[in-house]
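Fold and geometry: a report
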Amino acid sequence: MSEAPTPRFRSVLDRFQPYRPGKAVVSPEGKSFKLSSNESPHGPLPSVLSTIADAALRVNRYPDNGCVALVEAIADHHKVPADHIVVGCGSVGVTQMLLEAVGEPGAEVLYAWRSFEAYPLLVALSGATPVQIPLTGETHDLAAMAEAITDRTRLIFVCNPNNPTGTVVRRAELEAFLDRVPADCLVVLDEAYREYIRDAEVPDGLDLYPDRPNLAILRTFSKAYGLAGLRTGFMVAHPRVAEAVRKTYLPFTVNAIAQAAAIASLAATDELLERVEGTVKERERVRDALLSDGWTVPPSEANFVWLRLGERTMEFSAACDAQGVSVRPFAGEGVRVSIGAPEENAAFLAVARSFPHRNGPE
């Protein structure tokens, strides 16, 4: 008996590896420290929780499809025109919208590698061809990226700080790179971790984009604002770019609770950024401890640190798992470790200190 025919799907799915979120693990003592997803260790502020509870009473109604109140709040907070703003389901959702606006067979999308792991997945689904440029010194090789631009390059991602390495590109090198990009090629500056930057030489993309019509800026409420579970992000770009991307928005993608929580979080920015400062101090404490123990750790301007372990990556990840510490391994390359609460960070440091094969001199 011959096998019955099955529905036909896109050929890209045959070689497609879906996104796998960071996992939670438990130690023999029942402890669990999730440092694999770059989440804030803090829950929403009381004022934000109150807003969430109030918005939950009206979930029988569809949300505002245009996210008008949220767009106005973002515009007021960042001092940008409302028609320059596009809101989506996290910055990943906005990234997908961008790729739907530019991606098609024959188009190329350029990005550093390793960088944010969603880039190759979303580029593949868009039908475009990915062009990956290796990192140098754990950060973007902007000169090589500029050399790789062709007349087929439609979009370039620059993740700053870079995920998963935490490294940055500074103003002079970024502006020199932008000057080399053709005007008909869109550059997307992904600033998901902007609030954690303390290096004064790293530019704010919102200061750069007004004079550059082919530059778009991505931000999110998932990290510093602690709303990862509600999935809200946004893009700021010139009106023609924003209008094109807005056309790809899946109706009602940003739910009513998420919109209300993001607005309330913007109102509480000063209080939230006090928490961010605590995370930055913990980041420096963790990195200093690792350096003291003989690890090689690039300076990070995000809420995580990066350990390049090569072939020892999965061994180290397993050692962390055994102690209930979940980190994010990239097999054959290294691990990304989120900065959590002090207790969580101490648990990770204890594993790193006892690991017999470090990535630096003994």
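The structure this text deals with has already been given above.
Residues numbered from 1 in each chain as written. Predicted model: local features only at pLDDT ≥ 70, side-chain atom pairs only at ≥ 80, totals over all residues. Heavy atoms only, no water.

1. Section: helix H12 (residues 342-354)
Each full turn of the α-helix corresponds to 3.6 residues, which orients residues three or four apart in the same direction. Selection criterion: Per the convention used, a helix needs a DSSP run of H or I reaching at least four residues, while a strand needs a run of E reaching at least two, with both numbered from the N terminus. The span you would expect from a helix comes to 1.5 Å times its residue count less one. Buried, partly exposed and exposed residues are distinguished by accessible area as a fraction of the type maximum, computed with a 1.4 Å probe on protein chains only: under 20%, between the cut-offs, and over 50%, respectively. Two residues form a contact once any of their heavy atoms are found within 4.5 Å.
Taking 1.5 Å as the rise per residue, H12 with 13 residues should run 18 Å; its terminal C-alpha atoms sit 18 Å apart, in good agreement. Of all the positions in H12, only Glu 344, Asn 345, Ala 347, Phe 348, Leu 349, Val 351 and Ala 352 are classed as buried. Where H12 is buried, its residues meet strand E1 (33-34), helix H10 (269-292), strand E9 (304-308), helix H11 (313-322), strand E10 (325-326) and strand E12 (334-338).

2. Structural notes on helix H8 (residues 239-246)
Cut-off, in case you're wondering: Note: the arc covers the axis-to-C-beta directions of the helix.
All of the buried residues along H8 are Val 241, Ala 242 and Val 245. One face of H8 carries all of its buried residues, which in axial projection span an arc of 95°. In this structure, the buried side of H8 is in contact with strand E2 (85-88), helix H3 (90-102), strand E6 (186-190) and strand E8 (233-236).

3. Things to note about the layout of surface pockets
Here is the rule we go by: Only protein atoms enter the 1 Å grid, on which a cavity is a set of points fitting a 1.4 Å probe that cannot get out and a pocket is an open set with protein on both sides within 12 Å along at least 5 of 7 lines, lining residues being those with an atom within 4 Å of a point. Grid points are joined across faces, edges and corners, and a volume is the space filled by probe spheres set on the points.
If you add up the space inside the second largest pocket, you get close to 360 Å³. Lining the second largest pocket are 15 residues; nearest its centre among them are Val 102, Asp 184, Leu 186, Arg 240 and Val 241. Elements represented by at least two residues in the lining of the second largest pocket include exactly H3 and H8. Of the residues forming the lining of the second largest pocket, the biggest block, four residues, is contributed by H8.

4. With respect to the sheet that holds strand E3 (residues 108-113)
Going by this rule: Any two strands between which DSSP finds at least two bridges are classified as paired. What counts as an axis is a line fitted to C-alpha atoms, over the stretch in contact for a helix, and the angles between N-to-C directions run from 0 to 180 degrees.
Reading across the sheet, the seven strands line up as E2-E8-E7-E6-E5-E3-E4 and stay open at both edges, with mixed pairing between neighbours. What marks the edges here is a single partner per strand, and that holds for E2 and strand E4 (129-134). Between one strand axis and the next, the sheet turns by 20° as a mean value, whatever way the strands run. Here strand E7 (residues 215-220) runs beside E8; their pairing, made up of four bridges, is antiparallel. Looking across to E8, one finds that Ile 217 is bridged to Val 236. Its contacts with the sheet place helix H6 (residues 171-180) against strand E5 (153-159), E6 and E7, and it is angled at close to 175° to E5. Along the sheet, H8 makes contact with E2, E6 and E8, crossing E2 at roughly 25°.

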